[in-house]
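Here is what each chain is made of, one letter per residue.
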Amino acid sequence: MAKKSLSEMSFLDHLEELRWLLVRSSIAIVILAVAVYFVSDYIFEEIIFGPTKVDFITYRFFCDASHYLGFAETICIEELPFTIQNTTMEGQVNVFVWTCITAGFILGFPYLLWEVWKFISPALYESERKYAKVFVLTASLLFFIGVLFGYYVIVPMSVNFVATFSVADVVKNEFNLESYISMIKTSVIAGGLFFELPIIIYLLTKLGLVTPTFLQNTRKYAVVIVLIIAAIVTPPDVVSQVTVAVPMLLIYEISILISKFVVKKQEKNEQLSTRV
């Protein structure tokens, strides 16, 4: 049976397509989650709990940078005074399952993008459909860069901050396992999704929902929000806050440039169509 065109599809047809998109995406995530199970020991020991070790690559980088810049030992970490404990019977099982599923989602993100592209492609012009590979490749690359940014920058800074912060010496830091894992997941996925901002702005500009003028007018608010986020997730020192804030502000500025490019291209096409 031939696939219906966009104009022939009813609302229920669209819902059916969306349902199958979700089904295929869920199956892909589950399959990848099962694959992650076979390397779960490495993932937990070296990746999940990597930032709890003082020799983690990010801590060593900032320590070496502090020596190079003449900050002495101000950024070097000699101890992370906290322990991670499990306080519920099913806690470790839940953490294990959801960590595998989260890893499956991250690894399967390019496939999820491909499914989304197939879903929206009937609404695009023929000339736009040929950019499917470019869209998936670019969006996937940005997502993985964001995930790495979240893991290697936001996570270790957050761990260092909460581990060394104390309201009184009598209070000891004993973090709940689920709380720690939740922080890891939130940081890496939020980082990945934030780095998708240029793609989101591109699509919103194409739809006429966002303009470069709007983004420029809201820049000051974006700067404040980014600085607040940087202050929350990093230790109270300028170097750490700048390390987090600068890439996020750079992504926002790139999004403005992309929006300008889209608008100029649309205006150019309108002028050409008018002349014809």
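Cut-offs used in this document
Residues numbered from 1 in each chain as written. Predicted model: local features only at pLDDT ≥ 70, side-chain atom pairs only at ≥ 80, totals over all residues. Heavy atoms only, no water. Helix = DSSP H or I, 4+ residues; strand = E, 2+ residues; numbered from the N terminus. Buried < 20%, exposed > 50% of the residue type's maximum accessible area, 1.4 Å probe, protein only. Contact = heavy atoms within 4.5 Å. Polar contact = N/O pair within 3.5 Å; in protein donor to acceptor, adjacent residues only side chain to side chain. Salt bridge = Lys/Arg side-chain N within 4 Å of Asp/Glu carboxyl O.

Novice: Looking at this model, I keep getting lost on the overall build of the chain. Mind explaining?
Specialist: Of the regular secondary structure elements, the chain holds 12 helices and 2 strands. In the chain, the order of α-helices and β-strands from amino to carboxyl end is α-α-α-β-α-α-α-α-β-α-α-α-α-α. A buried classification covers 35% of the 276 residues belonging to the chain. For the chain, long-range pairs separated by at least 24 residues make up 78% of all intrachain contacts whose partners lie at least 6 apart in sequence.

Novice: How should I be thinking about the environment of T186 in this particular structure?
Specialist: Within the fold, T186 resides in helix α8 (residues 177-194). Along the primary structure T186 and V155 are separated by 31 residues, whereas in three dimensions their C-alpha atoms are 9.3 Å apart. Side-chain polar atoms of T186 contact the backbone oxygen of S182, separated by 2.8 Å.

Novice: How should the pattern of salt bridges be read in this particular structure?
Specialist: Should their charged atoms come close, side chains of opposite charge can pair. Scanning the entire structure with this criterion turns up 3 salt bridges. K118 serves as the salt-bridge partner of E115, at 3.7 Å between the closest nitrogen and oxygen. With a gap of 3 residues between them, E115 and K118 both fall in helix α5 (residues 109-120), about one helical turn apart. Judged by relative accessible area, E115 falls into the buried class, the value being 1%. Here the salt bridges share partners, and the residues they tie into one network are R24, E115 and K118.

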